[in-house]
Amino acid sequence: MSAIDLHNETYFPVEASCPSEIKMALDPSKKLPELAWFLIVDIIREEPVIETDYIEVYAARFLVMDKKGVEFSVAFVLNSAEASRFPIEKLHVGVSLILKDAVMTTLVDNSIGVIMRGVRKIKIVPCTVKYLLKTNDRVHNARGIENGKHLCFACDKECEPYNKDAGRCDGCTFFYFCSKMCNYIVHNYKWHGLECTFLQDDDLAALFSGNWDDIHSFANICLIQKRH
Ligand SMILES: [Zn+2]
Ligand SMILES: [Zn+2]
């Protein structure tokens with residue numbers, strides 16, 4: 001498995017493998033990774049915000065679930081300008097969050113969870129983690145072949161580069177097709193429509209292609225932003 005695979009627990013950790021302030025306090029030899037990492041979670045439900053005098057405004061708190069089904073809370077700490085831009089209405093069951101450089105810590109109610117400060121390291125993806133992982137597997141299947149050849153998204157055959165009817169999805173450019181018929185299928189698979197849309201987001205495209213240097217505006221909100 002290559003390092004960019006969403007199953008990789010160093011770059012895409014779960015609750016147990018995520019960098020943790022608590023573990024670092026207990027063992028000073030534990031340090032934050034030098035490269036970025038991305039915690040990917042499903043939203044389970046909104047939780048009541050627990051306010052205290054000594055902590056900034058919590059705009060929201062959600063119970064989430066990692067790739068392995070472990071549940072914990074994510075609290076968002078936002079200033080008033082960030083809170084007014086934060087698309088809280090887009091956070092509900094069925095969407096997932098990608099949290100860049102998230103660290104497990106102790107929340108105000110003493111449970112273990114993540115506190116995200118500001119909106120710059122949050123991505124809301126309009127599908128479940130399960131769907132993201134399936135997209136990941138499809139992306140890897142499409143390119144996981146030697147000699148620069150690609151597998152057809154629709155029929156899994158090797159695409160012949162000299163066949164004029166072969167090509168790639170002109171939306172996301174991640175998937176290849178071997179013939180006119182398979183091209184038709186690629187563009188009409190309902191379940192490709194959704195991933196095709198979010199793979200056109202610069203940051204998510206960079207995640208899926210492993211070009212992390214291209215992650216510039218890992219900034220909140222949804223997608224539906226065309227690559228230029
Ligand atoms: Zn095909
Ligand atoms: Zn596409």
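Residue positions are counted from 1 within each chain, in the order its sequence is given. All chains are assigned letters beginning with A, and all ligands numbers beginning with 1, in the order in which they are written. A pLDDT threshold of at least 70 governs which residues receive local features in this predicted model, and a stricter bar of 80 or more applies before side-chain atom pairs are shown or counted, although totals over entire chains, interfaces and linings include all residues.

If you look the chain up in an unreviewed UniProt entry, it shows as MYND-type domain-containing protein from Aspergillus pseudoustus.

This brings us to the overall build of the chain. Scanning the chain from N- to C-terminus turns up 6 helices and 9 strands. Note on contacts: residues are paired as contacts if their backbone-placed C-beta atoms lie within 7 Å. For the chain, the proportion of contacts with a sequence separation of at least 24, taken over those separated by at least 6, is 58%. Runs of H or I in DSSP of at least four residues are treated as helices and runs of E of at least two as strands, each being numbered from the N terminus.

The next thing to look at is unusual backbone geometry. Of note, the phi angle at Asp 101 is positive, near 55°, even though the residue is not glycine. Backbone geometry places Thr 173, a non-glycine residue, at a positive phi of 65°. For Thr 173, the position within the fold is in the loop between strand E8 (167-168) and strand E9 (176-177). According to the C-beta neighbour criterion, Thr 173 is partly exposed, with 15 such atoms within 10 Å. Burial is judged by counting the other C-beta atoms within 10 Å of a residue's own C-beta: 20 or more makes it buried, 12 or fewer makes it exposed, and any count in between marks it as partly exposed, with every C-beta position built from the backbone.

A few words on helix H6 (residues 202-209). If you check which residues of H6 are buried, you get Asp 203, Leu 204, Leu 207 and Phe 208. Down the axis of H6, the buried side of the element spans an arc of 130°, and every buried residue falls inside it. Note: the arc covers the axis-to-C-beta directions of the helix.

This part is about the confidence of the model for the chain. Here the chain averages 85 in pLDDT, while 88% of its residues score no lower than 70. For every residue, the pLDDT score states the predictor's confidence, bounded by 0 at the bottom and 100 at the top. In this model, residues 224-228 is a region of pLDDT below 50 whose contacts with residues beyond four sequence positions or in other chains number 7 contacts.

Time to look at the pairing of strand E4 (residues 96-100). A large share of E4 lies buried, amounting to 4 of its 5 residues. Relative to E4, strand E1 (residues 38-47) runs antiparallel, the two sharing 5 bridges. The residue bridging Val 41 from the neighbouring strand is Leu 97, located in E4. At least two bridges found by DSSP between two strands is the condition for calling them paired. Where E4 lies against strand E7 (residues 122-125), 4 bridges are found, and the strand directions are antiparallel. Bridge assignment links Leu 99 to a residue of E7, and that residue is Ile 122.

With that settled, the discussion passes to the nonpolar core. In plain words, the nonpolar core is the set of buried Ala, Val, Leu, Ile, Met, Phe, Trp, Tyr and Cys residues that C-beta atoms within 7 Å link up. Core analysis: the largest hydrophobic core is formed by 52 residues, its most contacted members being Ile 40, Val 74, Leu 99, Cys 152 and Phe 177. The element best represented in this core is E1, accounting for 5 residues. Non-local contacts of Phe 177, meaning those with residues more than four positions away in its chain, are made with Cys 152, Phe 153, Ala 154, Ala 166, Gly 167, Cys 182, Asn 183 and Val 186.

Bringing helix H3 (residues 129-143) into the picture now. Any helix carries an expected span of 1.5 Å times its number of residues minus one. Helix length check: H3 (15 residues) gives 21 Å between terminal C-alpha atoms against 21 Å at 1.5 Å per residue, within 8%. Buried residues of H3: Val 129, Leu 132, Thr 135, Asn 136, Val 139 and Ala 142, and no others. Considered in projection along H3, the buried side chains sweep an arc of 140° and stay on one side of the axis.

All right, on to the environment of Val 114 then. Turning to its location among the elements, Val 114 is positioned in strand E6 (residues 112-117). Measuring from C-alpha to C-alpha, the distance between Val 114 and Phe 76 comes to 8.5 Å, with 38 residues separating the pair along the chain. For Val 114, the residues in contact, after removing those within four places along its chain, are Leu 39, Val 74, Leu 99, Ala 102, Val 103, Met 104 and Thr 105.

On to the environment of Asn 163, then. With respect to the helices and strands, the residue Asn 163 is situated in the loop between H3 and E8. C-alpha of Asn 163 to C-alpha of Cys 178: the two residues are 15 residues apart in sequence and 7.7 Å apart in space.

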